[in-house]
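Working through the structure, step by step
The lines below spell out each chain.
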Amino acid sequence: MAKLIGIYIHIPFCKSKCDYCDFYSLAGREEEMDRYQRALLTHLRSFAPQLKGRVVDTIYFGGGTPSYYGEKRLREILALLQRLCTVSRQAEITVECNPDSVDGRAMARLRRAGVNRISLGAQSADQDQLRCVHRVHSPKQVTQAVADIRRAKVENLSLDLIYGLPGQTLASWEDTLHKAVALGPEHISCYGLKLEEGTPLARQAALGLDLPDEDQQADLYLRGVELLRQSGYRQYEISNFAKPGKESRHNLKYWTGGEYVGFGPGAHSYFNGQRYAYARDLEGYIRSVAAGAVPREDPQPIPPPEQAREYLLLQMRTLRGIEEWEYRRKFGLNFEPIARRLEFFEGHRWVEQSGHRWHFTPQGFLLSNTLILDLLEAQSGTIQEQKYWKAFLGGAGSPLDPSHPGKETP
């Protein structure tokens, strides 16, 4: 059976830079788009032989603002991928869009080219909140963009929303949620505003900008979870909610250990057991492609002990969570120390079990960074214990060797 893989294409161009944004994106660099397109296509051609034997089941155009890059360029990239790779007929193909750069005819051409999912950056239904973070669209443009996307017969739409914006109250957040639900998207993402170091918003906050505090953000989050549940959206990850069967298949790869390869400056990959990224440098990326070698920044092999850590770190972000025998089967590690911590969390209503799987409750998701660190500490002792006993019992072929079918630790 062929291995599945996702492809991420980074489009590092924006009409303007939002005050909270820490992603690699550039405003006012339209003159570089054609050069970047040539470099990106060259890179895809050179890398494609490494994807032989794999089936591409998700393609994601992120940014930046892919819709600002122009549908003709996006279609050219997609056509090349379909020629070079084995792309599943059921592949999920997503394009991120901003409401001000959505055009109905362009959407229809993208849909005919294979795009079947749009992720629209709505963020808020309050014009003042949008203006405060330098968003260039209006709530009216969100409504128009959704209408254009639907007329183009795109049947899988996601809306991105942000809670914790300047001046945001519980009432205004509820208004945003109600208006988002009324647009009928299949998927909604709710992201808590973070003050990323070096961004304009972080500098404004240091000067006294009015932002909801941590307790207020927690109230906004929990209200969002409840309102979306009542509206038929199932929470399947900390920040993501979907109608049945409409979860983001591409993003789930990040949280469940699936393979994906990224292209473009700042893009990340998990491929052939290694994580790596490309430098956040547009000019450097273009030069490297022309020279025939794009250097990988901070390549990190992921050995079995690290895979076990990532299993906890990433899968506890999801409502699917973790399961004892899945964990034992994959990593040959003792689950008991983790189970004891989970039982303690359960007493505080931070986790619960569905069948045999443990996952966070909404209250637990609010504390997930701290709780996951606690689980990793519990796990760390068993990893060290396994290393000791494996060496003591002779390594490969012992009952503790990862290749042994009946592995368990003392």
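Here the structure is a predicted model, which is why all the values come from computation and not from measurement.

What to know about the side chain of Arg 54
Examined against the element boundaries, Arg 54 turns out to sit in strand β4 (residues 54-63). Within the structure, Arg 54 has its side chain in polar contact with the side chain of Glu 259 (distance 2.8 Å). In this structure, Arg 54 is in contact with Lys 3, Ile 5, Thr 86, Glu 259, Phe 271 and Asn 272, ignoring residues within four places of it in sequence.

Description of the packing of aromatic side chains
In total, this model carries 20 aromatic pairs according to the counting rule given. Ring geometry for Tyr 36 and Tyr 285: centres 5.9 Å apart, planes at 50 degrees, overall tilted. Linking Tyr 36 in helix α1 (residues 33-47) with Tyr 285 in helix α11 (residues 282-291), this pair joins segments that are 249 residues apart in sequence. Each of the two residues, Tyr 36 as well as Tyr 285, counts as buried. With a centroid separation of 5.6 Å and 50 degrees between ring planes, the pair formed by Phe 47 and Phe 271 is classed as tilted. In this pair, Phe 47 sits in helix α1 while Phe 271 sits in strand β12 (residues 268-271), placing the two residues 224 residues apart along the sequence.

Describing unusual backbone geometry
The step from Gly 63 to Gly 64 runs through a cis peptide bond, and the omega angle for that step is 15 degrees. With respect to the secondary-structure elements, Gly 64 resides in the loop between β4 and α2 (66-69). One non-glycine residue, Asn 272, lies in the positive phi region at around 55 degrees. Relative to the helices and strands, Asn 272 is located in the loop between β12 and β13 (274-277).

Digging into the state of the cysteines
If you walk through the whole model with that rule in mind, you get zero disulfides. Cys 14 forms no disulfide, and the closest cysteine sulfur to it belongs to Cys 21, at a distance of 6.3 Å. Residue Cys 132 stays outside any disulfide, its sulfur separated by 13 Å from that of Cys 18, the closest cysteine. For Cys 132, a relative accessible area of 35% gives the class partly exposed.

A closer look at helix α9 (residues 214-230)
An ideal rise of 1.5 Å per residue puts 24 Å on 17 residues; α9 measures up with 24 Å between its terminal C-alpha atoms. Looking at α9, one finds that the buried residues are Gln 217, Ala 218, Leu 220, Tyr 221, Gly 224, Val 225, Leu 227 and Leu 228. Where α9 is buried, its residues meet β7 (157-163), α7 (170-182), β8 (187-192), β9 (234-237), β10 (240-242) and α15 (362-366). Looking at where α9 begins, the residue whose side-chain oxygen comes 3.2 Å from the main-chain nitrogen of Asp 215 is Asp 213. Where α9 ends, the next residue or the one after it, Gly 232, has phi of about 95 degrees, a positive value.

Observations regarding the sheet that holds strand β17 (residues 357-360)
Read across the sheet, three strands follow the order β15-β17-β16 without closing on themselves; strand pairing throughout is antiparallel. Looking at which strands have only one partner, the edges of the open sheet turn out to be β15 (322-323) and β16 (351-354). For β15 and β17, the ladder comprises two bridges, and the chain directions are antiparallel. Within β17, the position partnered with Glu 323 by the bridge is Arg 357.

Thresholds applied
- Positions within a chain are numbered from 1, following the residues in the order the chain's sequence is written.
- Local features in this predicted model are restricted to residues whose pLDDT is 70 or higher, and side-chain atom pairs enter the listing and the counts only when it is 80 or higher, whereas totals over whole chains, interfaces and linings include all residues.
- To get the side-chain values, take all heavy atoms of the structure and skip hydrogens and water.
- The secondary structure listing takes helices from DSSP runs of H or I that are at least 4 residues long and strands from runs of E that are at least 2 residues long, numbered from the N terminus.
- Pairing of N or O atoms within 3.5 Å defines a polar contact, subject to two protein rules: one partner must be a possible hydrogen donor and the other a possible acceptor, and residues neighboring in sequence count only if both atoms are side-chain atoms.
- By definition, residues are in contact when any of their heavy atoms lie within 4.5 Å.
- Stacked, tilted and edge-to-face are the three classes assigned to paired rings of Phe, Tyr and Trp, where Trp is represented by its six-membered ring and a pair needs centres within 6.5 Å; plane angles under 30 degrees give stacked, over 60 edge-to-face, the rest tilted.
- Burial classes follow relative accessibility: with a 1.4 Å probe on protein chains only, a residue under 20% of its type's maximum area counts as buried, one over 50% as exposed, and anything between as partly exposed.
- Here, two cysteine sulfur atoms that lie within 2.5 Å of each other are counted as a disulfide.
- An expected span of 1.5 Å times one less than the residue number is assigned to each helix.
- Two strands qualify as a pair provided that DSSP identifies no fewer than 2 bridges between them.

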